[in-house]
Amino acid sequence: MVKQPHSKPATTSTMPVVRHIGLDDIRLAFVAGVRDFFRAPLFGLFFGGFYALGGLLVVAFIARLDMNYMIYPLVIGFPLVGPFVAVGIYEVSRCLKDGRALTWSGVLTTVWRQKGRELSIMAFVTLFIMWMWMYQVRLLVALFLGFRSMSTLEGFVNIVLNTDDGLRFLAAGHIVGAMLYTVLFSVTVVSIPLLLDREVDFVTAIITSIKAVLTNPIAMMVWGLVVLVLTGLALIPAFLGLFIVLPILGHATWHLYLRVVEPASN
């Protein structure tokens, strides 16, 4: 009998079981992510390139609209809302784990198939949270900075760093942004790889992801900080760091998912 290639996620009718993990699991997941990147670097660079190009386009678009105050939150937030790109990275790690041959057609077909599954709905959830992120920035600008002229990025930075209102805006923006980042991280860290791996609805996936964070607050907080810091550093060299950093984080997130969620029982 010819063995058919793996094409459909395992089905499950019960709520996925969340495990307790520790900081060593975070370390091992990250090491596994680095290993997967170097085992299939072309795939990682390909998907990382989408993020890098997306970042440059975001900055160019915002600058053209003279909304320079949106650049900072957008470039921090946009890498967190790419579920379809992330699926490609997760699929590469899944193939490597299962010992299946890695092909461009196989990986890209898996990404394409998500348009008709629950993961497409998850994309709207993440985009909605991102929209709230951008809305609060505009609200805080209006509340703290009013009608000050910020037609250039240099002018905006000068106002933010050298005026009392600007410093208050900066403090409030980081507090609100941290809250929304926590929400976005909590609903996606496990849900997106889970939706690729199993036939569950997006609500179940979100609940499982939040439960994983609440069950392992220290480990997940550390992982969230690792993602935030490495992503921020990757943005510095004109987004070029995203070519490497985001694939590694994607591979590592897949391995973290495998550690925090028990396999489906058949």
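Bear in mind that the values here come from a model prediction, so they are computed numbers and not experimental data.

Each helix and strand in the protein chain was counted, giving 12 helices and two strands. For the protein chain, the N- to C-terminal ordering of α and β elements is β-α-α-α-α-α-α-α-α-α-β-α-α-α. Expressed as a percentage of contacts within the protein chain between residues at least 6 apart in sequence, the contacts between residues at least 24 apart total 80%. Counting only carbon and sulfur atoms, one obtains 70% of the accessible surface of the protein chain, whose full area is about 13,600 Å².

Turning next to the pattern of salt bridges. By the definition in use, this model includes eight salt bridges. With a shortest N-O distance of 2.7 Å, R94 and E91 are connected by a salt bridge. Of the two residues, R94 and E91 both sit in helix α4 (residues 83-98), three residues apart, roughly one turn of that helix. Residues R94 and E91 agree in their burial class; the two are buried. A salt bridge links D98 to R100, with the nearest nitrogen and oxygen atoms 3.6 Å apart. Under the relative-accessibility criterion, D98 is labelled partly exposed at 40%. Taking relative accessible area as the criterion, R100 reaches 22% and is therefore assigned partly exposed. A cluster of three or more residues bridged by salt bridges with shared partners is formed by E91, R94, D98, R100 and D197.

Within the secondary structure, D197 sits in helix α9 (residues 191-197). The buried category is assigned to D197, whose relative accessible area is 18%. Separated by 2.7 Å, the side chains of D197 and Y257 make a polar contact.

Taken together, L42, L45, F46, F50, W104, L108 and I244 make up a surface patch of nonpolar side chains, about 650 Å² in accessible area. Only α2 (41-64) and α5 (104-113) provide two or more residues apiece to the nonpolar patch. Relative to the assigned elements, I244 resides in helix α12 (residues 242-260).

Glancing now at helix α6 (residues 118-145). Compared with the 40 Å implied by 1.5 Å per residue over 28 residues, the 41 Å span of α6 between its first and last C-alpha is a close match. In the segment just after α6, G146 is the residue with positive phi, at about 60°.

If you look at soluble globular proteins, the nonpolar side chains tend to sit buried side by side. Judged by nonpolar contacts, the single largest core of 65 residues is most densely connected at V190, M220 and W223. Tallying contributions element by element places α6 first for this core, with 10 residues. Here M220 is in contact with I21, F185, V189, V190, A212, V213, L256 and V260, once residues within four sequence places are set aside.

So, about the environment of F128. Of note, F128 is situated in helix α6. Each C-alpha atom of the pair F128 and L184 lies 9.8 Å from the other, and the pair is 56 residues apart in sequence.

Our next topic: the environment of D164. Summarising the element assignment, D164 is placed in helix α8 (residues 164-188). In this structure, the C-alpha to C-alpha distance between D164 and F144, residues 20 residues apart in sequence, is 9.4 Å.

Calculation notes
Residues numbered from 1 in each chain as written. Predicted model: local features only at pLDDT ≥ 70, side-chain atom pairs only at ≥ 80, totals over all residues. Heavy atoms only, no water. Helix = DSSP H or I, 4+ residues; strand = E, 2+ residues; numbered from the N terminus. Contact = heavy atoms within 4.5 Å. Areas by Shrake-Rupley, 256 points an atom, 1.4 Å probe, with all protein chains shown as cover. Salt bridge = Lys/Arg side-chain N within 4 Å of Asp/Glu carboxyl O. Buried < 20%, exposed > 50% of the residue type's maximum accessible area, 1.4 Å probe, protein only. Polar contact = N/O pair within 3.5 Å; in protein donor to acceptor, adjacent residues only side chain to side chain. Patch = residues over 30% accessible without salt bridge, like charges linked within 9 Å, V, L, I, M, F, W, Y side chains within 5 Å. Expected span 1.5 Å × (residues − 1). Core = buried A, V, L, I, M, F, W, Y, C linked by side-chain atoms within 4.5 Å.

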